[in-house]
Each structure stands twice: as structure tokens, then as C-alpha cells.
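# Examining the three-dimensional arrangement
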Amino acid sequence: MAEQDPGPIVQRILLGAALRDAREDKGLSSTEATKKLGWYAGKLSKVEQGDKGVTDKDLAKAVAVYEIAKDREGVLKQLAAEARRKLPPSRVPEWATKYVNLVAAAAEIKLHLSDSFPGTVQTINYARAVLERSVVVSQADVERMAEERTRRVERLISANTRIWLVVGEEALYREIGSREVLREQLEHVRSLATAANVTLQVMPYDGGAHSCHGTPFTIISLIEGRPGIVYTEGLTGSDYLGGEHVRVYNLAYDNLRAAALSPDKTLALINRRIKELT
């Protein structure tokens, strides 16, 4: 995991996952646990997904119901305290804040996008061109958000976060911003691909059907060896999927990587495209 403050949102997610594990270890369904905890319908789900904080009273009740060991209780109390901290507002839509914090604390990230390069690896000019056409980002926020996107990948590289990126061949041809901006973006990802912790692949036009048609997504693993969280995004909101969804998306991603060009062939294709744009 990145050696930095992961922030209260991530601590809340980790706490929720720990409480879910404790419930499952106890053999309780969500309905049974909700009844024993005396919580309103839906509260447990929000807590386990990291969408709702936990008070000291809530945690004490969960510790008793799940019969959590004393040494583990201390860890959960620390997570709960960290999760209640307040941070300055970020320059992203409110619904995307959770994603930014998750990525910052990730041990591994798997990204898939078919028609462009994702924000995590964008240059400032490419990011600016994308954000300027957004209908949910104000023009006043474009510059700061573009700068934040460029800093994001620098932090991931320095933290040695494992990054897997598969993009469709269309991303190499869609001239977002201009030919010069696209060429700069391609040079940027070519440079990123030289890092030991980054693997870049392209799904070619002639690759036929694959497992992820029309489904851009990110799989974020906070702890090595744990299943992780699937992030999907639309124009006005996002979804965070766990459980069986994570297994399915990981399987789809493995199939996608197997069908995509190898990293060496990907770099050769990117090099040819850069020459065409020069």
C-alpha cells in the first residue's frame, strides 16, 4: 500500500470490510445481523460498503454481537477514529471523492477503457481537453482538476503501486484536444510503461469479441491478497461493487489481458502511432 495517509474515506472502507468479515465469520446474514444490532434497514449495508461512518456506540455493539477479540477490537477502534477525521474538500465531484482516495491508497489498480486514456494516466493537456467537454465539471474547476490528475499517477509510480492498463486501439486514434495533445499523451503512456510496476496493453481493432465490450471499469485492491473493489462511473454518479462482482470483473480482466496485444507489441503499435502524429 502507498506509504501515505490514506484518508478517512479509505479508513471507513477498511473498517466496513473488517466488520463484514467479522459478521460472515460469525455466520450471520445481513438481515440477522441488522436485527441483533438494532440498526435500521440498510444501515449495515452502508457501513460495510464504507458509505457510512461508525460511532463508538455502533462499534461497541458490533464487537459484542460478532464476539470480536480484544486485540482486534483495538484495531477497529483506531480505524473508526481515523474514519471520522475531516479533510479539506477535493476538486472533484462529491461522488468521485471516494474513488480518488481509494486510488491514492491502492496496492494494485486494474484499469480498462476502450475509447480514451483514463484520468489516472492523463497528461495535463489531455485531461484539460476531456474536462472542458464535461457537462458536470465547471470551467472554473477544469485547470485544478487537470493538474490533480497529472499528480495522481506520479504518486502511484513513486509509491510502487501495481498498475495494469488495457485500452482499446481507438484510444490511440481519437484526437482528444488535437493531434499534438494525443501525441504527447501517447509519449506519456509509453514512458509510464517503462516503469517496473506498470503494464500497458492495447486491445486491437481486429481482436474480435472480448470479455469487456462497452464496460469501462477499475478494480482497486487496497490490501495485497484481498479481492478489492470494482469502480464503475457514469456522467452523474458512480458504483462500488464488492463480493461476487469482484470475482467476475477480475475474471473478465484476466480474459481481456489474454486477448490484448502483449506489452511489447503494444509499445510497437504506440511507437508507430506517435510517428504518424509527428
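Our structure is the block above this text.
For every chain, the first residue of the written sequence is number 1, and numbering continues from 1 onward in sequence order. Since the coordinates come from a predicted model, pLDDT governs what is reported: local features require at least 70, and pairs of side-chain atoms require 80 or more to be given and counted, while whole-chain, interface and lining totals use all residues. Just so you know, side-chain values use all the structure's heavy atoms and leave hydrogens and water out.

### Considerations on the sheet that holds strand 4 (residues 217–221)
Strand pairing is assigned whenever DSSP identifies at least 2 bridges connecting the two strands. In DSSP terms, a helix is any run of H or I states spanning at least four residues, a strand is any run of E spanning at least two, and both are numbered starting from the N terminus. Spatially, 3-2-1-4-5-6 is the arrangement adopted by the 6 strands of the open sheet, whose pairing is mixed. Two strands in the sheet have a free side with no partner beyond their single neighbour: strand 3 (198–203) and strand 6 (238–241). Going across the sheet, the axis of each strand differs from the next one's by a mean of 15°, ignoring polarity. Pairing between strand 5 (residues 229–233) and strand 6: 4 bridges, direction antiparallel. Bridge assignment links Val-230 to a residue of strand 6, and that residue is Leu-241. Note on geometry: axes are C-alpha line fits, over the in-contact stretch for helices, and angles between N-to-C directions span 0 to 180 degrees.

### Comments concerning a nonpolar patch on the surface
Surface patches are drawn from residues lacking salt bridges whose relative accessible area is over 30%; two like charges belong together within 9 Å, two nonpolar side chains (Val, Leu, Ile, Met, Phe, Trp, Tyr) within 5 Å. Accessibility throughout is a Shrake-Rupley quantity obtained with a 1.4 Å probe, and a residue counts as covered only by protein chains that appear here. Salt bridges are identified by distance alone: a Lys or Arg side-chain nitrogen within 4 Å of an Asp or Glu carboxyl oxygen. On the surface, a nonpolar cluster with roughly 320 Å² of combined accessible area is contributed by Val-135, Val-136 and Leu-235. Looking at the element boundaries, Val-136 is found in the loop between helix 7 (124–132) and helix 8 (139–158).

### Considering helix 2 (residues 30–37)
Along helix 2, the residues classified as buried are Ala-33, Thr-34 and Leu-37. Down the axis of helix 2, the sector holding all buried residues measures 100°, keeping them to one side. Across from the buried face of helix 2, at angles greater than 90 degrees, the exposed residues are Thr-31 and Lys-35. Count one or two residues on from helix 2 and you reach Gly-38, which has phi positive near 75°. Remark: exposure states derive from per-residue accessible area (1.4 Å probe, protein chains only) relative to the maximum for the residue type, with buried under 20%, exposed over 50%, and partly exposed in between. The directions considered for the arc are those from the helix axis to the C-beta atoms.

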